[in-house]
Amino acid sequence: MKEEMIRKLIEEAKKIANENFCCKDSHFSVGAVLLTKEGKVYNGFNIENNGIQSICAERTAFVKALSEGNKEFSCIAIIGKNMDKEEFTKIVPCGYCRQFMKQYGKEDFMVYTYDEKEDKIITYTLEELLPHSFDFERNE
Ligand SMILES: [Zn+2]
């Protein structure tokens, strides 16, 4: 994917992170922008629930897209932010999200995050993030 497009997705993820009103416990917001292979965009931020049963930004975006019938995904851009500060921070997905994305993303699915201090896009494949994932078929 072209860097210009990735930067656009990262900018959108920053906007989503800034709009998060569901992270009162941690004061840490994550914005995620999921792109389907058809070119549809689904946004998500982390939604906290008194410190338990929270859902991450990545899964929020995926659940929105999946529940509307989307099955093919291109990439996700994620960025984090302490809501008490101005600057954004790079993010790596948590273990739950890695397993989740591995199930619904294919080998060519990309995870992008952004290091604001270095002005650098960081790219991960799902295989890099979770080389040994649970898989019903593989475990039969
Ligand atoms: Zn997560």
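Structure shown above.
Residues numbered from 1 in each chain as written. Predicted model: local features only at pLDDT ≥ 70, side-chain atom pairs only at ≥ 80, totals over all residues. Heavy atoms only, no water.

A. Broad picture of helix 1 (residues 3-18). In this model, helix 1 (16 residues) spans 23 Å end to end at C-alpha, consistent with the 22 Å of a helix rising 1.5 Å per residue. Turning to helix 1, its buried residues number three or more, namely I6, L9, I10, A13, K14, I16 and A17. Buried positions in helix 1, seen along its axis, are confined to an arc of 160° and lie on one side of it. Helix 1 presents E4 and K8 as exposed residues on the side facing more than 90 degrees away from its buried surface. Where helix 1 is buried, its residues contact strand 1 (28-36), strand 2 (41-45), strand 3 (73-82), strand 4 (110-115) and strand 5 (120-125). (Helix = DSSP H or I, 4+ residues; strand = E, 2+ residues; numbered from the N terminus. Expected span 1.5 Å × (residues − 1). Buried < 20%, exposed > 50% of the residue type's maximum accessible area, 1.4 Å probe, protein only. Arc of directions from axis to C-beta. Contact = heavy atoms within 4.5 Å.)

B. Spatial organisation of the coordination of the zinc ion. Protein ligation of the zinc ion involves C56 (SG), C94 (SG) and C97 (SG), the donor distances falling in the range 2.3 Å. The partly exposed category is assigned to C94, whose relative accessible area is 28%. (Donors = N, O, S within 2.8 Å, 3.2 Å for Na, K, Ca; no water.)

C. Molecular detail of the sheet that holds strand 2. Pairing in this open sheet of five strands is mixed, and the strands run 2-1-3-4-5 from one edge to the other. Two strands close off the open sheet at either side, each with one partner strand: strand 2 and strand 5. Pairwise comparison of adjacent strand axes, ignoring direction, gives a mean angle of 20° for this sheet. Inspection of the sheet shows strand 4 paired to strand 5 by six bridges, in the antiparallel sense. (Pairing = 2+ DSSP bridges. Axes fitted to C-alpha atoms, helices over the stretch in contact; angles between N-to-C directions.)

D. Focus on the pairing of strand 3. Along strand 3, nine of the 10 residues are buried, which leaves the element largely enclosed by surrounding structure. Inspection of the sheet shows strand 1 paired to strand 3 by nine bridges, in the antiparallel sense. Bridge assignment links V30 to a residue of strand 3, and that residue is G80. Two elements, strand 3 and strand 4, share four bridges in a ladder whose sense is parallel. By the bridge assignment, I76 is partnered in strand 4 with V111.

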